[in-house]
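Okay, here's what each chain looks like letter by letter:
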Amino acid sequence: MDLDLSAVEPFRAEVRAWLRAHVPAAALPSLETEAGFAAHRAWERELYAARLSVVSWPREYGGRAATPLEWLVFEEEYHAAGAPARVGQNGVNLLAPTLFRHGTPEQLARVLPPMASGAEIWAQAWSEPEAGSDLASLRATATRTGGGWLLNGQKTWSSRAAFADRGFGPFRADPESRRHHGLIYLMFALDADGVTRRPIGRLDGKPAFAELFFDDVFVPDRDVIGRPGEGWRVAMSTTGNERGLTLRSPGRFLAAADRLVKLWRSCGDPADTALRDRVADAWIRARAYRLKGFETISRGEDVGAAASVNKIFWSELDVALHETALDLLGPDGELDGEWLEGYVFSLAGPIYAGTNEIQRDIVAERVLGLPRAGRS
């Protein structure tokens, strides 16, 4: 693994300079509100105009054809600059890689440019009332009809669905099928006839998610990703990105760990060596994840089930990092909006993208080759 970063320093300098000149001086409103969603969409347009919204994509879709190393560098600079959260991340980080692997040329040309510019924001519609971490038990159906499919059923905890334009997710195309078989992976408009969305408020009341109800919603054949019946294979392509580097890049945690060190220097008690060691541990783990990112891209291959190792690592690091910050702040932590909100969000990390309990099973069985629980 070559850790000589000199070749990407000009790109780093360009990104850093642009962010210094364009990152809003005041934080944008929460993207979990209607006004904040619109403000973040406008920021996506600004990034797109500078060809910085999707740097790793081919140029014909709005990217720069950046190398994986350049993408990691971009992410480091983006988070270090305190730039706004990416409201389009479900599309850019989850759906787009799935399309690059399983989509048609027509789908790429039609779907990717408006995704990159923020003209279309995507919701991830996977979970159902009886299918959360056990996604294979999903019941929402897609029934064949002339020129397409009719969707019926319900999705819940659909990320970004309160204000997004379109959604994507798996449905059961064969009513007689069970578990991983007979699924289809579809894209659909959230304003289509027959779609009802019901926002789900967080503890703070902001609608970070929504329930989606489908009543004979027509989806044309052109919005099927991959082949009908192979939806599980397509979905697993998405989960590899969700659990790996794409959704949670090392840059996110490097920036947070640096902020934690600054917090320690400003209010830490030198006599509290236990808390000092927790700060140091978070800083070290963030940099270990960075090195793991370099190792991952150096292999240039699909990480597959090993993505679950990443997911466990970054989600538990996120919780520990924010817990340490709040312990440093003491009672004042309840008044610090940034660290407190980050902590509340971090608690979801071990749950979304597949609970860490499930991820440990995947690591044990598919990475380490251990027998399934209950089997000798």
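Computed from a predicted structure; not experimentally measured.

Asker: Mind showing me how you'd approach the packing of aromatic side chains here?
Answerer: Each aromatic ring pair is described using two quantities: the centre-to-centre distance and the angle formed by the ring planes. One pass over the structure, following the stated rule, counts 17 aromatic pairs. Pairing Phe37 with Phe163 gives two aromatic rings, centres 5.6 Å apart and planes at 50°, and the pair type is tilted. Placement of the pair is Phe37 in helix H2 (residues 34–49) and Phe163 in the loop between strand E3 (148–159) and strand E4 (166–172), with a sequence separation of 126 residues. Residue Phe163 is classed as partly exposed on the basis of its relative accessible area, which comes to 23%.

Asker: Explain the nonpolar core to me, please; I cannot follow it from the model alone.
Answerer: Here is a general trend for soluble globular proteins: nonpolar side chains tend to be buried in one another's company. By size, the foremost hydrophobic cluster in this structure holds 25 residues, and its most contacted members are Trp57, Leu95, Leu99, Leu112, Met115, Phe168 and Met187. Contributing elements (two or more residues each) for this core: helix H4 (89–102), helix H5 (105–117), strand E5 (183–189) and helix H6 (231–243). Leu112 has contacts with Trp57, Tyr61, Ala96, Leu99, Phe100 and Gln107, leaving out every residue within four places of it along the chain.

Asker: Can you walk me through the pattern of salt bridges in this structure?
Answerer: For side chains bearing opposite charge, pairing can occur when the charged atoms are close. Going through the model one piece at a time under the given rule, you end up with 25 salt bridges. The salt bridge partner of Glu14 is Arg64, with a shortest N-O separation of 2.8 Å. In this pair, Glu14 is assigned in helix H1 (residues 9–22) and Arg64 in the loop between H2 and helix H3 (68–80), connecting sequence segments 50 residues apart. The partner of Arg233 in a salt bridge is Glu230, and the shortest N-O contact between them spans 2.9 Å. Classification of Glu230 as partly exposed rests on a relative accessible area of 24%.

Asker: Can you walk me through the confidence of the model for the protein chain in this structure?
Answerer: Detailed reading of the predicted coordinates is not advisable wherever pLDDT falls low. Taken residue by residue, the protein chain gives an average pLDDT of 91. The fraction at 70 or more is 96%. Element-level mean pLDDT values for the protein chain span from 77 in H6 up to 98 in H5.

Asker: So what exactly am I meant to see when it comes to the packing of helix H9 (residues 307–329) against helix H11 (residues 356–367) here?
Answerer: A packed helix pair is summarised by two numbers, namely the angle formed by the two axes and the spacing between the axes. Here H9 crosses H11 at 145°, and the two axes come no closer than 9 Å. When the axes of H9 and H11 are compared, the crossing they make is left-handed. Here H9 contributes Ser308, Val309, Lys311, Ile312, Ser315 and Glu316 to the contact with H11, which in turn contributes Asn356, Gln359, Arg360, Ile362 and Val363. Among the residues forming the contact of H9 with H11, the class breakdown is four nonpolar, four polar and three charged.

What counts and what doesn't
- Residues numbered from 1 in each chain as written.
- Predicted model: local features only at pLDDT ≥ 70, side-chain atom pairs only at ≥ 80, totals over all residues.
- Heavy atoms only, no water.
- Phe/Tyr/Trp six-rings, centres within 6.5 Å; stacked < 30°, edge-to-face > 60°.
- Helix = DSSP H or I, 4+ residues; strand = E, 2+ residues; numbered from the N terminus.
- Buried < 20%, exposed > 50% of the residue type's maximum accessible area, 1.4 Å probe, protein only.
- Core = buried A, V, L, I, M, F, W, Y, C linked by side-chain atoms within 4.5 Å.
- Contact = heavy atoms within 4.5 Å.
- Salt bridge = Lys/Arg side-chain N within 4 Å of Asp/Glu carboxyl O.
- pLDDT = per-residue confidence, 0-100.
- Axes fitted to C-alpha atoms, helices over the stretch in contact; angles between N-to-C directions.
- Left-handed = near helix turned anticlockwise from the far one by under 90°.
- Nonpolar A, V, L, I, M, F, W, Y, C, P; charged D, E, K, R; others polar.

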